[in-house]
Amino acid sequence: MKYIILVLFYSLSCAAETVHITTGQWPPYVDRHRQDQGCTAQLIRDAFALHDIRVRFVFMPWQRAYEEGKKSEFIGSAYWYFNEKRASEYVYTAHPITSEILYFYHLNETPFKFDSYADLKPYRLLINKGLTYPETLWQAIKQYDIETSEAIYTTKNLQLLLRQRTDIIILDEQTGKVYAKALPDTDQTRLVRQPKPAFINRGFLLINPQSKKYAPLFNEALRKLLADPSYLSRYQSNCSAIE
């Protein structure tokens, strides 16, 4: 009898389907160091749980996460801002899961004041490989011959800035707070965030075409979750909390 009960318990515990989603490090939204793996990871997990689907996130560099998310062992990648190329390779879910304000950061000894992208001309701008930047910024980089360099890991952005390997970086406001908190106070005081946003982006879960059946499931569940004022408030608070 004991054996039968154990088998039954094991069968029930394994009944839920498990799917795998690629992601990168972008705290507090997706963060391998948090117990919930980030506020947006938790949102995605909660949405699929309404359909009795478990989610396992696999962290990797952003560009690799995008490419790996197309493979059959994953149902997609989380999460990404919109561009036409991605829309041709993935199914964008219907509703954004983040709305982010991104800013230019620099050291206090750098006399940068941002009014338009033309103001970047005298400086070195850091671009993170795999992340999304507006077409207007790319056009300005070309038009004004703005010097750029690439970094794979956003976790290195502030260090590259502090070591003067670049002059200006771009981070979401909440991400910037998380990364800055890990620095010594003396380094934190050297950082300046321009008051005018560099740009605003909205993030979406991407579903690969071979797993497109999951897109309407997620869309339906996300609408339910975000229609609940108490859940929406908790989600927004979780995304602004610095642990």
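Residues numbered from 1 in each chain as written. Predicted model: local features only at pLDDT ≥ 70, side-chain atom pairs only at ≥ 80, totals over all residues. Heavy atoms only, no water.

How should I be thinking about the nonpolar core in this particular structure?
Burial of nonpolar side chains together is a common tendency in soluble globular proteins. If you look at the biggest cluster of nonpolar residues, it comprises 75 residues, and the most contacted ones within it are F48, F104 and L125. If we ignore the near neighbours within four places in the chain, the residues touching F104 are F112, F114, Y117, L120, L125, I168, I169, I170, V192, R193, Q194 and A198. (Core = buried A, V, L, I, M, F, W, Y, C linked by side-chain atoms within 4.5 Å. Buried < 20%, exposed > 50% of the residue type's maximum accessible area, 1.4 Å probe, protein only. Contact = heavy atoms within 4.5 Å.)

Sorry, what's going on with the layout of surface pockets here?
Sizing a probe to match a water molecule and rolling it over the atoms shows the empty space that remains. Size it by volume and the largest pocket reaches roughly 290 Å³. For the largest pocket, the lining is made up of 18 residues, of which Y29, T98, S99, Q236 and C239 are closest to its centre. For the lining of the largest pocket, the element with the most residues is helix α10 (residues 229-240), which contributes 5 residues. Along the lines of polarity and charge, the residues of the lining of the largest pocket split into 9 nonpolar, 5 polar and 4 charged. Its volume calculated, the second largest pocket comes out at about 220 Å³. Lining of the second largest pocket is provided by 15 residues; of these, N83, L131, T132, Y133 and W138 occupy positions nearest its centre. Of all the secondary structure elements, the ones that give two or more residues to the lining of the second largest pocket are β6 (124-128) and α5 (135-143). (1 Å grid on protein atoms, 1.4 Å probe; cavity = no way out; pocket = protein on both sides within 12 Å on 5 of 7 lines; lining within 4 Å. Points joined across faces, edges and corners; volume = space filled by probe spheres on them. Helix = DSSP H or I, 4+ residues; strand = E, 2+ residues; numbered from the N terminus. Nonpolar A, V, L, I, M, F, W, Y, C, P; charged D, E, K, R; others polar.)

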